[in-house]
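Now for the letters of each chain:
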Amino acid sequence: MESTTANERIELLSEEIKNMLHPHAADDVKLVQKGLMLYRQGLVKQVQIWNAQITAMVQDVTPCHVKLNFTFLANSQCTCPHEGLCRHQLAVFFSAYSRVGSVAEWVASFREPMKEKNDIASWGLQKAKDLIKANGVLKPDYRRWVESFEVSFDTILNSKKYSSPFIIAELFNIYERRIKASAPVEQEWRLLYDLVGIVVSFKKLAVLTENSGFAEDAVRRAYLSVFHNLIEDADELVLKIGVQSLPFDFDEFILHLKDDVFELLTAATGLEQERIYLYRLLWVNLFKKKEWREQEIVRIHERMKSAQEWENLTPLMIAGVHISILQQKDELALELISKIDVHVITPYMLHWIELLSQTKAWKRVGPFIELFSSNLKGYLEFLRTYHSCAAFTRVALKAIRPYISENGKVDLHERTLLSTLPYSYTEYEFMLFERGQFDKWGDLQAFMGWSFYDLPRDRVKVIEKEKPEVLLGMLHQSALNEINQKNRSSYKAAVRHLKKLRTLYKKTKRVDDWHYFLDSLMHKTKRLRAFHEECRRSKLIEE
């Protein structure tokens, strides 16, 4: 293996190990420290770098033999009992890495996010003492509130670029504690102050996320929960604001807040679902005046007209659907929905179905559910993974259940269950059985590919008593499948199916049909002597 290639592989291994370890996890930090100690004590011996792996011996209390796999780190081995990455593997890595770079610099780079966290925690809190000391005593002022949030956010989170997304959640906690400490004393104003803080903070953090260049998966693992917590807090706040008596000049603040909420739709391109969710939440529970909604529709249309070709208009279109529904302009909303890609709009429709169902607006929700149901199959094909499809199917069926139950829409329910198979199997199977639709029940089992002996015994007993002919087709198919396996154990299983078939034919008084089927089967399988032997042994046919 050439030296340059070896160096490149060690560098790649370095990045993989660094990504695997978390500088905020105490166990990972200890692991690095222990591996570093073994390496610095000179206990790594016999290091050899091959095409696929690094091998070495670590002279610990008990000598350990280590193999570090370049291609699949998870396939690395160590003779110690520790599962996963161990201190001996890290010691061998440090020994190999020392040939291409500074181990001390590697460790410092690994620890950087923790250092940033500690440094900025004290620095950010010190800054907090100097910002907006007068918020609690001055007359409430929307613009001053927003400015204070933005200054605090920029000071604590936007002052530099961070190499790791895992520092963001810690910094946001510092920022959040700071702005809460400056909240107004009066309860009614404090609630509004907190809500404005959530909207501004959400928007600022979304923009920071877009500008940071962090990978989507890294954001999800590191601090997506921050956005979700902000949404939950907003939900609680609007409910509290809705039940209290508000100051006379409260509307002026709401007007300003509406402007900031609108910017959630276009401030960033990522976190689309979270941004739209917060937008819809506030328009349902807080911005209730008719003229506000009329103005919002105009604003949405104007913003779409002025949009650049490269801009994603989906958030604006979904906002247009949402406001139209709140205005009870359902035909317009359905028209807008039809213009949005099924893969995009389908999950958003759940919210409007639940919203209208909660108010028992059954006539209004019906067309939305019909359209939603017709879109489901295509959306599930788009999702692809079984787990995602099964989870969405459960949510979808739960959302439409109140409407179906209240209005007796049996046909719609069955169409939806059929379009979401196999993910709706459990609910559809239960429905067919409870209604005594045993023919359809049998067809469903065949569609799912179940054999006769896969079926629940309690179900089989009932159907065998009520409508045994339903089971004939399944037993025929199961027997033939076993025969086609062409081995002794499958022949025995086939005979078991055939004996059950004989019983059912007799029970349905179709003995002649049984004899005709068996004679035909024996003729078709005359070359399968082992199968015929099993049939004779079980006395299915005469010697």
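About the cut-offs
- Residues numbered from 1 in each chain as written.
- Predicted model: local features only at pLDDT ≥ 70, side-chain atom pairs only at ≥ 80, totals over all residues.
- Heavy atoms only, no water.
- Buried < 20%, exposed > 50% of the residue type's maximum accessible area, 1.4 Å probe, protein only.
- Helix = DSSP H or I, 4+ residues; strand = E, 2+ residues; numbered from the N terminus.
- Arc of directions from axis to C-beta.
- Contact = heavy atoms within 4.5 Å.
- Salt bridge = Lys/Arg side-chain N within 4 Å of Asp/Glu carboxyl O.
- Phe/Tyr/Trp six-rings, centres within 6.5 Å; stacked < 30°, edge-to-face > 60°.
- Lys NZ or Arg CZ within 6 Å of the ring centre and 35° of its normal.
- Polar contact = N/O pair within 3.5 Å; in protein donor to acceptor, adjacent residues only side chain to side chain.
- Axes fitted to C-alpha atoms, helices over the stretch in contact; angles between N-to-C directions.
- Parallel < 35°, antiparallel > 145°, perpendicular 65-115°, else oblique.
- Left-handed = near helix turned anticlockwise from the far one by under 90°.
- Pairing = 2+ DSSP bridges.
- Nonpolar A, V, L, I, M, F, W, Y, C, P; charged D, E, K, R; others polar.
- Disulfide = S-S within 2.5 Å.
- Core = buried A, V, L, I, M, F, W, Y, C linked by side-chain atoms within 4.5 Å.

The subject of this paragraph is helix α13 (residues 330-338). Listed in full, the buried residues belonging to α13 are D330, A333, L334, L336 and I337. Axial view of α13: buried residues confined to an arc of 160°, hence all on one face. Every exposed residue of α13 that faces more than 90 degrees away from the buried side is listed here: E331 and S338. Close packing links the buried residues of α13 with α12 (314-326), α14 (342-358) and α15 (362-383).

The next point concerns the pattern of salt bridges. Taken as a whole, this structure holds 20 salt bridges when the rule is applied. The salt bridge involving K204 is made with D154; its shortest N-O contact spans 2.8 Å. Remark: D154 occurs in helix α5 (residues 142-156) and K204 occurs in helix α7 (residues 187-212); sequence separation between them is 50 residues. Taking the shortest distance from any N to any O, the salt bridge between R220 and D217 comes out at 2.4 Å. Remark: D217 and R220 occur in helix α8 (residues 216-242); sequence separation between them is 3 residues, near one turn of the helix. By relative accessible area, which is 38% here, D217 ends up partly exposed. In this structure, a network of salt bridges that share partners links the residues R488, E533, E534 and R537.

Here the structure, examined in full by the defined rule, presents 30 aromatic pairs. Pairing W145 with W189 gives two aromatic rings, centres 6.3 Å apart and planes at 75°, and the pair type is edge-to-face. Of the two residues, W145 is situated in helix α5 and W189 in helix α7; the sequence distance between them amounts to 44 residues. W189 shares its class with W145; the two are buried. Grouping aromatic residues by their ring pairs yields a cluster made of Y39, F93, F94, Y97, W106 and F110. Cation over ring: R280 sits above W352, and NZ or CZ is 5.8 Å from the ring centre. Residue placement shows R459 over the ring face of F433; its charged tip is 4.1 Å from the ring centre.

Once that is clear, we can look at the side chain of S76. Looking at where S76 falls in the secondary structure, it is placed in the loop between β3 (63-69) and β4 (77-78). Judged by its relative accessible area of 14%, S76 is buried. A polar side-chain atom of S76 sits 2.9 Å from the main-chain amide nitrogen of N69. Leave out the neighbours within four places in its chain, and S76 touches K67, L68, N69 and Q89.

Let's shift gears to the packing of α5 against α7. The interhelical angle for the contact between α5 and α7, taken along N-to-C directions, is 45°, at an axis separation of 10 Å. Taken together, α5 and α7 sit at an angle that is classed as oblique. The interaxial crossing formed by α5 with α7 has right-handed handedness. In this structure, α5 contributes Y142, W145, V146, F149, E150, F153 and D154 to the contact, and α7 contributes W189, L192, Y193, V196, G197, V200, S201, K204, L205 and L208.

Quick look at the pairing of β3 now. Relative to β3, strand β2 (residues 53-59) runs antiparallel, the two being bridged by 7 bridges. Looking at β3, one finds that A56 is bridged to V66. Counting the residues that bridge the hairpin from β2 to β3 gives 3 residues. Here β3 pairs with β4 via 2 bridges, running antiparallel. Considered in β4, the bridge of V66 is made with C78.

What follows is about the sheet that holds strand β1 (residues 44-49). Pairing in this open sheet of 4 strands is antiparallel, and the strands run β1-β2-β3-β4 from one edge to the other. Unpaired on one side and paired on the other, β1 and β4 mark the two borders of the sheet. Those strands touched by helix α3 (residues 87-97) are β1, β2, β3 and β4, and its axis lies near 65° from that of β3.

In this section: the pairing of β1. With 4 bridges joining them, β1 and β2 adopt antiparallel strand pairing. Residue pairing across strands places K45 opposite M57, the latter belonging to β2. Counting the residues between successive antiparallel strands, the hairpin from β1 to β2 contains 3 residues.

With an omega of 5°, the peptide bond between L421 and P422 qualifies as cis. Along the chain, P422 turns up in the loop between α17 (410-419) and α18 (425-434). The residue K360 is not glycine, and still its phi comes out positive at about 55°. One can find K360 in the loop between α14 and α15.

Let us look at the environment of T62. Along the chain, T62 falls in the loop between β2 and β3. What makes T62 exposed here is its relative accessible area of 52%.

One way to put it is that α12 packs onto α13 with a least axis distance of 8 Å and a crossing angle of 160°. Between α12 and α13, the crossing angle belongs to the class labelled roughly antiparallel. Crossing hand, α12 versus α13: left-handed. The segment α12 lies against α13, with M317, G320, V321, S324 and I325 engaging D330, L332, A333, L336 and I337. Looking at side-chain class alone, the contact of α12 with α13 contains 7 nonpolar, 2 polar and 1 charged residues.

Right, let's talk about the state of the cysteines for a bit. A full pass over the atoms with the stated rule returns 0 disulfides. Cysteine C78 remains unbridged, with the sulfur of C80 as its closest cysteine sulfur at 3.5 Å. Its relative accessible area of 18% is what places C78 among the buried residues.

With that out of the way, let us pick up the nonpolar core. Among the nonpolar cores identified, the biggest contains 73 residues, and W352, F372, L498 and F531 are the most heavily contacted of them. Those residues in contact with F531, other than ones at most four positions away along the chain, are I483, Y491, A494, V495, L498, L521, M522 and T525. Within the second largest apolar cluster, 69 residues are counted, among which are Y142, F172, L195 and L205.

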